[in-house]
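Listed below, chain by chain, are the residues.
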Amino acid sequence: RYEPSWGSLDARPLPAWFDEAKFGVFIHWGVFSVPSFGSEWFWWYWQKEKREPYVKFMDTNYPPGFSYEDFGPLFTAEFFDPNQWADILKASGAKYVVLTSKHHEGFTLWGSKYSWNWNAVDVGPRRDLVAELATSVRNRTDLHFGLYHSLFEWFNPLFLEDATNAFKTRKFPTSKSLPELYEIVTKYQPEIIWSDGDGNAPDTYWNSTGFLAWLYNDSPVRDTVVTNDRWGAGSICTHGGFYTCSDRYNPGHLLPHKWENCMTIDRSSWGYRRDARLGDYLAIEDLVKQLAETVSCGGNLLMNVGPTHDGRIAVVFEERLRQVGAWLKVNGEAIYGTKPWRAQNDTVTPGVWYTFSPKEGKVNAIFLHWPVSGILELGEPQAKLGETQVKLAGYKELLKWVALGEKGMVIALPQLTPQQLPCQWGWTLQLTDIN
């Protein structure tokens, strides 16, 4: 059994499914999807920081005295079709999904009995959005279902009171945050608890170790659940399950501990933005690059979309997710279930990232630029004459190659028309019998 101490909890092995999955989809959805302007931090930027664009947006478009709470009934979700969402998630090639059950605004997407009249069953959609998505994902896909939960809430009077008392009192976690966590685990049995928003309070204030000990010892998901590292000030990148370290974290080198790169397709927001321009969205080439870099360095990629207030996954997000899925159909063997190789990227040719498939004993070289010459030089692999074989994922015939001294090789790529290429953005060479 795990003790409620970091020493004990951090020793828990991460359930194997998480490292094998490699790729998940993050969904940021809530009342912030109604103004859908600027960022999901809309309430904070407008009311607390009084940033000019936000204040001006409200003055221009809403009547005087309009409060953030008034957005609640406008969060309608009339087009939310959980089956359609599940089908898009499946098509993306993702192996898990993480839905925001509650962001820093405190609005819960399930009918929490600890969030009276500020939840999706009492206000707005009048539907249990968490239950609906969980059911569709489990019925229609093999994805693992996870939930994001914010520990703190910007403007909750109980939290503000505790903060004023320098967190010597614990009214908020005992009456709101912790009961919600136990509630979502018991009710929805998520296999990922993605905690966030420590509000600068220590983990002792949140009783994070107490909750995690229960989660790992006695909860209905104790054997399969994975957690992240955001459990109180100072715990990030230090304690918990997998490390996130910071938003959009992509170190570019191997880390000794399992980590995740949580990032957004919209460069500047996690929630949906009506004011986004096409150039604000990462292109599929950017996403393939992020995936290759992240996985080669031992991480998982958690790619975020922000649905609209009426429950649609915007077409641009759907397209990106389906493109990643199409890429994974061809190159998935270089991603799923792989381990980092001795070299993460190539020393001679930039934009080449390596992974290792332990079952097949294959080294995968993912290259992001097709060379004009049709010749790809790799500085890292040590090939063996008469033994090493080189294949292009999605192409039948073996490729010709020449070894370069002790280390390195030159590979002749097949001469293909754009239509004949196995995929459009990033390709995989599979090398067998490499020293």
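Residues numbered from 1 in each chain as written. Predicted model: local features only at pLDDT ≥ 70, side-chain atom pairs only at ≥ 80, totals over all residues. Heavy atoms only, no water.

J.: I keep staring at the domain arrangement of the chain and nothing clicks. Help me out?
T.: Accessible area lost during the coming together of the parts is what is often quoted as the interface size. Domain annotation of the chain identifies domain 1 (6–334) and domain 2 (339–432). Measuring from the centre of the C-alpha atoms in domain 1 to the corresponding centre in domain 2 gives 36 Å. Summed over both sides, the interface of domain 1 with domain 2 buries roughly 1700 Å², with 65% coming from carbon and sulfur. Our enumeration of links across domain 1 and domain 2 arrives at two salt bridges. Its salt-bridge partner being Glu333, residue Lys362 comes within 2.8 Å of it at the nearest N-O pair. (Domains from an automatic or database assignment. Buried area = accessible area lost by both parts, 1.4 Å probe. Salt bridge = Lys/Arg side-chain N within 4 Å of Asp/Glu carboxyl O.)

J.: Would you explain the state of the cysteines in this entry?
T.: Here a disulfide denotes one covalent bond, and it connects the sulfur atoms of two cysteines. Scanning the entire structure with this criterion turns up one disulfide. Note that Cys237 is cross-linked by a disulfide to Cys245, the S-S spacing being 2.0 Å. Linking Cys237 and Cys245, the disulfide has an S-S dihedral of approximately 65° and is accordingly described as right-handed. According to the relative accessible area criterion, Cys237 is partly exposed, its value standing at 33%. Unpaired in this structure, Cys297 has its nearest cysteine sulfur neighbour in Cys245, at a distance of 13 Å. (Disulfide = S-S within 2.5 Å. Buried < 20%, exposed > 50% of the residue type's maximum accessible area, 1.4 Å probe, protein only.)

J.: When you look at the UniProt feature "domain: Glycoside hydrolase family 29 N-terminal" (unreviewed entry) in the chain in this model, what are you seeing that I'm missing?
T.: The residues that UniProt annotates with the feature "domain: Glycoside hydrolase family 29 N-terminal" (unreviewed entry) are residues 1–333. Structurally, residues 1–333 is divided into 36% helix and 12% strand, and its ends, taken at the C-alpha atoms, are 36 Å apart. (UniProt positions renumbered as here; feature names shortened; annotations may be inferred. Helix = DSSP H or I, 4+ residues; strand = E, 2+ residues; numbered from the N terminus.)

J.: I would appreciate a short explanation of the side chain of Asn304 in the present structure.
T.: Its place among the elements puts Asn304 in strand β7 (residues 299–305). Here Asn304 falls in the buried class, since its relative accessible area comes to 2%. A polar contact of 2.9 Å, which involves the side chain of Asn304, links it to the side chain of His28. In this view, Asn304 contacts Phe26, Ile27, His28, Met263, Thr264, Ile265, Ser269 and Trp270; residues no more than four positions away in its chain are not counted. (Polar contact = N/O pair within 3.5 Å; in protein donor to acceptor, adjacent residues only side chain to side chain. Contact = heavy atoms within 4.5 Å.)

J.: Explain the packing of aromatic side chains here, please?
T.: Here the distance between the centres and the angle between the planes together describe a pair of aromatic rings. All chains considered together, the criterion is met by 55 aromatic pairs. One cation-aromatic arrangement involves Arg12 over Tyr216; the distance from NZ or CZ to the ring centre is 4.0 Å. For Arg342, the ring lying beneath its charged end belongs to Trp341, and the centroid distance is 4.3 Å. (Phe/Tyr/Trp six-rings, centres within 6.5 Å; stacked < 30°, edge-to-face > 60°. Lys NZ or Arg CZ within 6 Å of the ring centre and 35° of its normal.)

J.: How do you make sense of the side chain of Thr244 when you look at a structure like this?
T.: The residue Thr244 is located in the loop between β5 (226–227) and β6 (259–264) in this model. Here the side chain of Thr244 touches Asp229 through a polar contact of 2.7 Å, side chain to side chain. A distance of 2.9 Å separates polar atoms of two side chains, one belonging to Thr244 and the other to Arg230. What Thr244 contacts, discounting residues up to four positions off in sequence, is Trp194, Asn228, Asp229, Arg230, Ile236, Tyr249 and Glu260.

J.: Before we go on, may I ask you to explain the pattern of salt bridges in this structure?
T.: Note that side chains of opposite charge can pair when their charged atoms are close. Per the counting criterion, the structure on display carries 25 salt bridges. Between Lys258 and Asp19 there is a salt bridge; the shortest N-O distance is 2.7 Å. Placement of Lys258 in the loop between β5 and β6 and of Asp19 in helix α2 (residues 16–21) is noted, with a sequence separation of 239 residues between them. In this structure Asp19 comes out as buried when scored by relative accessible area, which is 17%. A salt bridge links Lys102 to Glu153, with the shortest nitrogen-to-oxygen separation between them at 2.7 Å. Taken together, the residues Lys102 in strand β2 (residues 96–102) and Glu153 in the loop between β3 (144–150) and α7 (157–164) connect sequence positions 51 residues apart. Of the two residues, Lys102 and Glu153, neither departs from the other in class, the shared state being buried.

J.: What is the right way to look at the packing of α7 against helix α8 (residues 171–188) in this model?
T.: When two helices pack together, their arrangement is given by the angle between the helix axes and by the axis-to-axis distance. For the pair α7 and α8, interaxial distance at closest approach is 8 Å and the crossing angle is 150°. Between α7 and α8, the angle falls in the class roughly antiparallel. Where α7 crosses over α8, the two elements pack in a sense that is left-handed. The residues of α8 that touch α7, namely those facing Leu158, Phe159, Glu161 and Asp162, are Lys171, Phe172, Pro173 and Ser175. (Axes fitted to C-alpha atoms, helices over the stretch in contact; angles between N-to-C directions. Parallel < 35°, antiparallel > 145°, perpendicular 65-115°, else oblique. Left-handed = near helix turned anticlockwise from the far one by under 90°.)

J.: Sorry if this is basic, but what is going on with the UniProt feature "domain: Alpha-L-fucosidase C-terminal" (unreviewed entry) in the chain here?
T.: Annotation from UniProt places "domain: Alpha-L-fucosidase C-terminal" (unreviewed entry) at residues 344–432. Each end of residues 344–432 is marked by a C-alpha atom, and these two atoms are 17 Å apart; helix forms 0% of the span and strand 38%.

J.: Explain the sheet that holds strand β8 (residues 352–357) here, please?
T.: Within a sheet, adjacent strands bond to each other through the backbone by hydrogen bonds, running parallel or antiparallel. What the four strands build is an open sheet, ordered β8-β9-β14-β11; its pairing is antiparallel. With one partner strand each, in any of the chains shown, β8 and β11 (389–392) form the two edges of the open sheet. Mean inter-strand twist for the sheet, computed between neighbouring axes without regard to direction, equals 25°. Pairing of strand β9 (residues 362–367) with strand β14 (residues 427–432), which is carried by six bridges, proceeds in the antiparallel orientation. Among the inter-strand pairings, Asn364 is bridged to a residue of β14, identified as Gln430. Running at roughly 50° to β8, helix α11 (residues 284–296) makes contact with β8 and β9 of the sheet. (Pairing = 2+ DSSP bridges.)

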